[in-house]
Amino acid sequence: MRYALVFFLTFIVGALASAKSATDQPEIRFVAEIDKSGYVGEALTYTIKLYSEASDISNVKVLSAPVFPQDVTVIQGIARDSQPAKVELKGMQYYCWTILRDFIVADKPGKYSIGKGRFAVYLPVVKEVQSGFWGRRRIIDYEEQIVECDGASFRIQDLPANKKTETYSGCVGDFNIEAWFPPGKIYKDTEAYAIFKISGFGNLSGLKLPNIHKLFANGCRLKEIERDDRQTQKDGRLFSEITLTCRFIPEAEVFEISPLCLNFFNPSAKKFYDACSETLHWTGNKTEKGKTNRSNEAITI
């Protein structure tokens, strides 16, 4: 089950000096965070963070997960905080873990609400027990605290009017497009490959592609396209990429493949923009293309 246990490996068994007494209850709270507003098709990051006065939390169990609206798409993210960050919240110092991260995409404008969640938090405590053989001694036990997380709400607005409806990709985010030939020589009348990659922050699952065959019209002919879709996570944000592997036939010693151009909506800039790859030229002995901007390594969701 996805919400079984979240482990915080900051507590070392046997460290009695760091454990609390059974009567010492540190303050613990959960805070749900999401942008208050967004656009249709925008991937909003939703997180639940645990704030605690104590740094030696051992486990967290989700008793009831937050309930998402039925008319949104939820893309599951990854929370990997093994060590807490020290932060200030309302004038108080806390240790903070991110225990849940999801990406919310709404297809219609309106106001949305995410329900509350309930969590069991386990903290190590020192207890004294009487043993017939060992006598009175101190042991580490685990105390459970049940904590509720408030719900969250956000408002989604429709996209503004777009003059380039024919080339609009249907996607919201900050994307770029690269194009290149794989290493190796290309020969006339022999199958070759060209690669297009659309990537960036946002959701590309609803991408509308133009007629790719039209790009292979100047000395070459497209035969087949293989598409690979991936969603990853970078800096706590949704990162998407689509790779198009195009198998084509060069019909001349010198040919070119036209740029792939798509229209997107950038929610940060609040406007539509065009992204294009470079034209790919083959001169018979080498590849001529513009600079590429490969993405950094990301964690696959």
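Refer to the structure above for everything that follows.
Chains are numbered independently. Their residues run from 1 in the order of the written sequence. Reporting in this predicted model follows two pLDDT cut-offs: at least 70 for local features of residues, and 80 or more for side-chain atom pairs to be given and counted; totals over whole chains, interfaces and linings ignore these cut-offs and use all residues. Side-chain figures throughout are based on the complete set of non-hydrogen atoms in the structure, without hydrogens or water.

Asker: Tell me about the side chain of N203, and please be specific about residues and values.
Answerer: Secondary structure elements follow DSSP: runs of H or I no shorter than four residues count as helices, runs of E no shorter than two count as strands, and numbering proceeds from the N terminus. In this structure, N203 sits in the loop between β15 (192–202) and β16 (220–234). There is a polar contact of 3.1 Å between the side chain of N203 and the side chain of S205. Pairs of N or O atoms are called polar contacts if they sit within 3.5 Å, as long as, within protein, a hydrogen donor faces a hydrogen acceptor (for residues adjacent in sequence, only side-chain-to-side-chain pairs). A distance of 3.0 Å separates polar atoms of two side chains, one belonging to N203 and the other to Q231.

Asker: Go over the sheet that holds strand β10 (residues 110–114) with me, naming the residues and quoting the values.
Answerer: Across the sheet, which stays open at both edges, the 3 strands sit in the order β4-β13-β10 with mixed pairing between neighbours. The sheet is open, and its two edges are formed by β4 (37–39) and β10, each paired on a single side. Adjacent strand axes in the sheet meet at a mean angle of 30 degrees when their direction is disregarded. Across 3 bridges, the pairing between β4 and strand β13 (residues 152–157) is parallel. For Y39, the partnering residue across the bridge sits in β13 and is Q157. Two strands pair if DSSP finds at least two bridges between them. Axis definition: a line fitted to C-alpha atoms, limited for helices to the stretch in contact. Angles are taken between N-to-C directions and run from 0 to 180 degrees.

Asker: So what's going on with the pattern of salt bridges? Residues and values would help.
Answerer: Any Lys or Arg side-chain nitrogen located within 4 Å of an Asp or Glu carboxyl oxygen qualifies as a salt bridge. Inspection of the entire model under this criterion finds 9 salt bridges. In this structure, the salt-bridge partner of E251 is R221, at a minimum N-O distance of 3.0 Å. With a gap of 30 residues between them, E251 in the loop between β17 (237–250) and β18 (255–257) and R221 in strand β16 connect regions that are remote in the sequence. Each residue is placed in one exposure class: buried if its accessible area under a 1.4 Å probe, protein chains only, is under 20% of its type's maximum, exposed if it is over 50%, and partly exposed if it falls in between. Its relative accessible area of 40% is what places E251 among the partly exposed residues. For R221, a relative accessible area of 41% gives the class partly exposed. Of the charged contacts, one joins D228 and R230 as a salt bridge, the two residues approaching to 3.1 Å between their closest N and O atoms. For D228, a relative accessible area of 33% gives the class partly exposed. Here the residues in one salt-bridge network are E191, K223, E224 and R247, joined through shared partners.

By themselves, these figures tell us nothing about what the structure is for.
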